[in-house]
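Listed below are the residues making up each chain.
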Amino acid sequence: AQPAATRGPRHPGPGSPRPAAGRAHATFLPRPGPREGHRASPGARAMPHQRVPQLRVLEDVQDSMRFELCNTDVSMANALRRIMIAEVPTICIEAIEFNENTTDLQDEFIAHRLGLIPMRFSGNMRDVNYQHQCDCGAACERCTFFFQLVVDHEALTRDKQEHEKELPINITSRRLVSLNPDIQPAHWSNSDEERLMTERLTPEEQGILITKLGPGQKLSLTAMAHKGIGKEHAKWSPVAVATFKYDPVIKIDERGLMAQLTTREASDEFINQCPTHVFAYDSITNKVVVRSPENCMFCRECLHYLEDGRESQDGPLPLTIKHSPDKFTFTVETTGALTPREVVEAALTELREKLHRIHLALIDRQTRVQG
């Protein structure tokens, strides 16, 4: 559902406002310990094959991150991906009260566009209440953030030349005024976007386009933003991209491959089958080697080439490519509401809490069965 566009009596006012690339490193993910007052059952046994998941950051910039997750399985990797998409909370505009709107766009169109503007919150997200869980009953500074947008074409063009007064004006997120200094619209997600906007646009035109204001048109509204998660609506999702791929395990039978690729020309032809340049020719050993295994996208073009060139169709191939069962490469791109590191850390915290709740539920069930 898009933000509610309403007219009529307002809610109570907001009240007083509430007070470059990272280096690759390894991080061991903490395992939750038992909470106070909970003890493991005397008959409980340790896991036979305990794993310690490990995370290694490959690239960390303003709005994207690549990292490796290893020593775990695909179920945990997919759980982390789904939590990043749907269960990391952000703040977005949810309700709007229109005082005046004479633009070409209806209230619902503007409400929908405002709801998709990412909001950057500088405080602690855990200190913000979900509106449906807040005890205020309507709107308060613990669950609601207020924004105002008041623009008048005549007032904005008063100091311009006569021929410019008939031109439409872009109304962007720059004109959306927050009544709380802790939260502001994310006009861009990285410094490159900011630089391009600064070079090409005036300060008033920078940011996310909301609507255009023509001669004689006005727009006046009050917007209310609430905390939410992507499960409720996609506008609360902090990521534009959250994917992972299996780490490839590529093994070459050197004797078998040399028997099939007998000339340099045949080796070069085999190497060129790969669109991502995984293989290369080592001029010292005169052999085909795996140069960039991380580039493999499992297209199987190299395998098809070897299948077509082998003498016996039933014979084994000198090359195998498999998915690693315990190593995955993630790519995360954010909308600007949170940094990639904040998204990953929040998702790991949520995943740990989920696992801990399951652990306590199993202990309680085992206790009831034994009791």
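Residues numbered from 1 in each chain as written. Predicted model: local features only at pLDDT ≥ 70, side-chain atom pairs only at ≥ 80, totals over all residues. Heavy atoms only, no water.

Colleague: For the packing of aromatic side chains, give the residues involved together with the corresponding values.
Modeller: The way to describe two aromatic rings as a pair is by their centre distance and the angle between their planes. Scanning the entire structure with this criterion turns up eight aromatic pairs. Seen from their ring centres, phenylalanine 244 and phenylalanine 328 are 5.6 Å apart, and the 85° between their planes marks the pair as edge-to-face. One end of the pair, phenylalanine 244, is in strand S13 (residues 239–252); the other, phenylalanine 328, is in strand S16 (residues 319–334), with 84 residues separating them in the sequence. Both residues of the pair, phenylalanine 244 and phenylalanine 328, belong to the buried class. Through pairs of rings, three or more aromatic residues link up here, namely Phe67, Phe244, Tyr246, Phe328 and Phe330. Against the face of tyrosine 130 rests lysine 227, its NZ or CZ located 4.6 Å from the ring centre. (Phe/Tyr/Trp six-rings, centres within 6.5 Å; stacked < 30°, edge-to-face > 60°. Helix = DSSP H or I, 4+ residues; strand = E, 2+ residues; numbered from the N terminus. Buried < 20%, exposed > 50% of the residue type's maximum accessible area, 1.4 Å probe, protein only. Lys NZ or Arg CZ within 6 Å of the ring centre and 35° of its normal.)

Colleague: Lay out the nonpolar core in plain terms, naming residues and giving numbers.
Modeller: Generally speaking, a soluble globular protein has its nonpolar side chains buried in company with each other. Of all hydrophobic cores here, the largest spans 26 residues; its most connected members are Ile93, Leu114, Phe147 and Leu221. Among the secondary structure elements, those contributing two or more residues to this core are strand S5 (90–101), helix H2 (107–115), strand S6 (119–121), strand S7 (145–152), strand S8 (169–172), strand S11 (209–213) and strand S12 (218–228). Excluding anything up to four places from it in sequence, leucine 114 contacts Ile93, Ile96, Leu176, Ile210 and Leu221. Ala77, Ile83, Ala347 and Leu351 belong to the second largest nonpolar core, which has 21 residues in total. (Core = buried A, V, L, I, M, F, W, Y, C linked by side-chain atoms within 4.5 Å. Contact = heavy atoms within 4.5 Å.)

Colleague: So, the packing of helix H6 (residues 264–272) against helix H7 (residues 301–309): which residues are in play, and what are the values?
Modeller: How two helices pack is summed up by the angle between their axes together with the distance between the axes. The interhelical angle for the contact between H6 and H7, taken along N-to-C directions, is 140°, at an axis separation of 8 Å. One way to sum up the angle between H6 and H7 is to call them oblique. For the pair H6 and H7, the contacting residues are Ala266, Glu269 and Phe270 in the first and Cys302, Tyr305 and Leu306 in the second. The residue inventory of the contact of H6 with H7, partitioned by class, reads five nonpolar, no polar and one charged. (Axes fitted to C-alpha atoms, helices over the stretch in contact; angles between N-to-C directions. Parallel < 35°, antiparallel > 145°, perpendicular 65-115°, else oblique. Nonpolar A, V, L, I, M, F, W, Y, C, P; charged D, E, K, R; others polar.)

Colleague: So what's going on with the packing of helix H1 (residues 74–86) against helix H8 (residues 340–370)? Which residues, and what values?
Modeller: Viewed as axis vectors pointing N to C, H1 and H8 meet at an angle of 120°, and their least axial separation amounts to 9 Å. Comparing their axes, H8 and H1 come out oblique. The crossing of H1 and H8 is right-handed. Listed contacts from H8 to Met76, Ala79, Leu80, Ile83 and Met84 of H1 are Val343, Val344, Ala347, Leu348, Glu350, Leu351, Lys354 and Leu355. (Left-handed = near helix turned anticlockwise from the far one by under 90°.)

Colleague: I'd like a description of H6, backed by residues and values.
Modeller: Among the residues making up H6, those that are buried are Ala266, Ser267, Phe270 and Ile271. The buried residues of H6 all sit within an arc of 135° when viewed along its axis, so they share a single face. Exposed residues on H6 whose side chains face more than 90 degrees from its buried face are Glu265 and Asn272. In the core, the buried residues of H6 are packed alongside strand S14 (279–282), strand S15 (287–290), H7 and S16. (Arc of directions from axis to C-beta.)

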